[in-house]
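# Structural description and commentary
So you can see what is in the structure, the chains are spelled out below.
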Amino acid sequence: MSAAPSIDMQIASSRDLSAAQRQEILVLCSAAYEEDFSAYLEMLDPAMHLLVYADGLLVSHGAWVERELRAEAYGRLRCAYVEAIATLPEQQGRGYGSLVLSRMPSLFDDYDIAVLSPSAEAFYQRLGWETWQGALSYRSPEGEEIATPEEQVMIHRLPRTPAWLDTRTALSVDWRPLEVW
Ligand SMILES: CC(C)(COP(=O)(O)OP(=O)(O)OC[C@H]1O[C@@H](n2cnc3c(N)ncnc32)[C@H](O)[C@@H]1OP(=O)(O)O)[C@@H](O)C(=O)NCCC(=O)NCCS
């Protein structure tokens, strides 16, 4: 029987990533999402990255960027917007993705809420993420409110999240290129 791998978790700002780390993240995310992740990775700057290494190999990754949300009847929320949760395909099913995701909320003390756009809702649900039920929209650069009924987001409550924040109300986000949510 082979020994359990030695696990190392690192947190790094996009500004401090070495070229080699950036390349490792690109390879990992491109393999996990089965698409060239270059443009998306460029968008994650500035961002924070959480990196999980097993015996020195980058096996799982997650990132977050700061965004401003507006929740109906509440106002502005400083949001940790979680991105690019991914595990190397050949390393999936070994708990690495859960390790990344369960570590994240404890890193978000400065934020009012954590949000992500899921492609695997059940994976997040089991770790405390809730599906937002209310209407979603974004604020265009011209200041217009544009509905995004085709989108789905999940939230994770943080110590600073207002207890009465109701997921059935409307939620909007600032605009950005590529993927608004
Ligand atoms: C989703 C992903 C990050 C999970 O990583 P992982 O390292 O395999 O996750 P874990 O090993 O911690 O899995 C934990 C559990 O979630 C389940 N799970 C994994 N992927 C899932 C999915 N897509 N949908 C539902 N459940 C999923 C696993 O079956 C496992 O359940 P088990 O403990 O009962 O066996 C990984 O499958 C991946 O990189 N997928 C491609 C990219 C992607 O879709 N990312 C999510 C974007 S929102």
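Since this is a predicted model, take the numbers as computed values, not measurements. (Residues numbered from 1 in each chain as written. Predicted model: local features only at pLDDT ≥ 70, side-chain atom pairs only at ≥ 80, totals over all residues. Heavy atoms only, no water.)

## Considering the overall build of the protein
- Across its full length, the protein holds 4 helices and 10 strands.
- Traced from its N-terminal end to its C-terminal end, the protein shows the element sequence β-α-α-β-β-β-α-β-α-β-β-β-β-β.
- Relative to the globule expectation of 16 Å for 181 residues, the C-alpha radius of gyration of the protein, 17 Å, shows essentially globular dimensions.
- Expressed as lengths along the three principal axes of its C-alpha atoms, the size of the protein is roughly 55 × 30 × 30 Å.
- Per-residue burial over the protein gives 48% buried out of 181 residues.
- The contacts in the protein between residues at least 6 apart in sequence include a share of 70% that link residues at least 24 apart.
- Just so you have it, the protein exposes about 9,300 Å², and 49% of that area is on carbon and sulfur atoms. (Helix = DSSP H or I, 4+ residues; strand = E, 2+ residues; numbered from the N terminus. Rg over C-alpha atoms; globule rule 2.2 N^0.38 Å. Buried < 20%, exposed > 50% of the residue type's maximum accessible area, 1.4 Å probe, protein only. Contact = heavy atoms within 4.5 Å. Areas by Shrake-Rupley, 256 points an atom, 1.4 Å probe, with all protein chains shown as cover.)

## Quick look at the nonpolar core
- The biggest cluster of nonpolar side chains holds 37 residues, and the ones touching the most others in it are Leu69, Ile113, Val115, Val153, Leu171 and Trp181.
- Breaking this core down by element, the ones donating at least two residues are helix 1 (19–33), helix 2 (38–43), strand 2 (48–54), strand 3 (57–71), strand 4 (75–87), strand 5 (113–116), strand 7 (136–139) and strand 10 (171–174).
- If sequence neighbours within four positions are ignored, Leu69 has contacts with Gly75, Arg76, Leu77, Cys79, Ile113, Val115, Leu171, Ser172, Val173 and Trp181.
- By size, the runner-up hydrophobic cluster in this structure holds 20 residues, among which are Ala54, Ala80, Tyr124 and Met154. (Core = buried A, V, L, I, M, F, W, Y, C linked by side-chain atoms within 4.5 Å.)

## Re helix 1
- An ideal rise of 1.5 Å per residue puts 21 Å on 15 residues; helix 1 measures up with 21 Å between its terminal C-alpha atoms.
- All buried positions along helix 1 are accounted for by Gln21, Ile25, Leu26, Leu28, Cys29 and Ser30.
- Those residues of helix 1 that are buried lie in contact with strand 1 (7–13), helix 2, strand 2, strand 3 and strand 4.
- Just past helix 1, the residue Glu34 takes up positive phi, approximately 55°. (Expected span 1.5 Å × (residues − 1).)

## Observations regarding the environment of Arg67
- With respect to the helices and strands, Arg67 occurs in strand 3.
- By relative accessible area, Arg67 is classed as buried at 5%.
- Sequence separation between Arg67 and Asp110 is 43 residues; the distance between their C-alpha atoms is 12 Å.
- Setting aside residues up to four positions removed in sequence, Arg67 forms contacts with Leu77, Arg78, Cys79, Tyr81, Val173, Asp174, Trp175, Arg176, Val180 and Trp181.
- For Arg67, the side chain forms a polar contact with the main-chain oxygen of Asp174, separated by 2.7 Å.
- A distance of 2.8 Å separates a polar atom in the side chain of Arg67 from the backbone oxygen of Val180. (Polar contact = N/O pair within 3.5 Å; in protein donor to acceptor, adjacent residues only side chain to side chain.)

On their own, these measurements won't tell you what the molecule is for.
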